[in-house]
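Below, each chain spelled out in residue letters.
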Amino acid sequence: QVHLVESGGGLVQAGDSLRLSCTASESSFGGYTVAWFRQAPGKERDIVAAIRWSGGNVYYEDSVKGRFTISKDYATNSVNLQMNSLKSQDTAVYYCAVGRTIWSAISREDMYYYWGPGTQVTISS
């Protein structure tokens, strides 16, 4: 069992930055893929970025490429999402998810076993 805790959401202005963190309490991410999904009001939940805890594979959804960076912190057993140049379209609830995924199916929600409760990110224009 992996319990995920997200932090770092909030309300900022367009063009600002936020850093989200996902920590696995009482366990490790070892052997898993860790991803960030987001769900905007009235829309489906979609993947934003993903990273293999062991290895160098990284994935970004097209709309965040060049603005968001996903990274691993072995010291704190966390996966971070640095979000720069935020836009109003980035407003959503952001979820951390963990699973043993195949890379070709990285964006499929059903590939992830564990989910955090979500953190709200609101961008004002």
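Please refer to the structure placed before this passage.
Every value quoted in this text rests on a predicted model; they were computed, and no experiment measured them.

Caption draft 1: Focus on the packing of aromatic side chains. Considering all chains together, one arrives at 8 aromatic pairs under this definition. Judged by centre distance (6.3 Å) and plane angle (85°), the ring pair of Tyr32 and Tyr114 falls under edge-to-face. Of this pair, Tyr32 sits in the loop between strand 3 (18–25) and strand 4 (33–39) while Tyr114 sits in strand 10 (residues 114–115), and the two are 82 residues apart along the sequence. Its relative accessible area of 12% is what places Tyr32 among the buried residues. The exposure class of Tyr114 is buried, given its relative accessible area of 18%. Judged by centre distance (4.9 Å) and plane angle (70°), the rings of Trp53 and Tyr74 are edge-to-face. Taken together, the residues Trp53 in the loop between strand 5 (45–52) and strand 6 (58–60) and Tyr74 in the loop between strand 7 (68–73) and strand 8 (78–83) connect sequence positions 21 residues apart. The class for Trp53 is buried, based on a relative accessible area of 6%. Overall, the relative accessible area of 55% leaves Tyr74 in the exposed class. Ring pairing ties together the aromatic residues Phe37, Tyr95, Tyr112 and Trp115, which thus form one cluster. One residue, Arg45, lies across the ring of Trp115, its end atom 3.9 Å from the ring centre. Stacked on the ring of Tyr32, the Lys or Arg Arg100 has its end atom at 4.2 Å from the ring centre.

Scoring rules and cut-offs
Each residue is numbered by its place in its chain's sequence as written, counting from 1. Local features in this predicted model are restricted to residues of pLDDT 70 or higher, and side-chain atom pairs are both shown and tallied only at a pLDDT of 80 or more, whereas totals for entire chains, interfaces and linings draw on every residue. Here the side-chain values reflect all heavy atoms present in the structure, with hydrogen atoms and water set aside. For this analysis, a ring pair means two rings from Phe, Tyr or Trp (six-membered ring only for Trp) whose centres lie within 6.5 Å, classed as stacked if their planes differ by under 30 degrees, edge-to-face if by over 60, and tilted for the remaining angles. The helix count covers DSSP runs of H or I at least four residues long, the strand count covers runs of E at least two residues long, and both are numbered beginning at the N terminus. Type-normalised accessible area, obtained with a 1.4 Å probe on protein chains alone, sets the label of each residue: buried when under 20%, exposed when over 50%, and partly exposed for intermediate values. Here, a charge over a ring means that NZ of Lys or CZ of Arg falls within 6 Å of the ring centre while also lying within 35 degrees of the ring normal.

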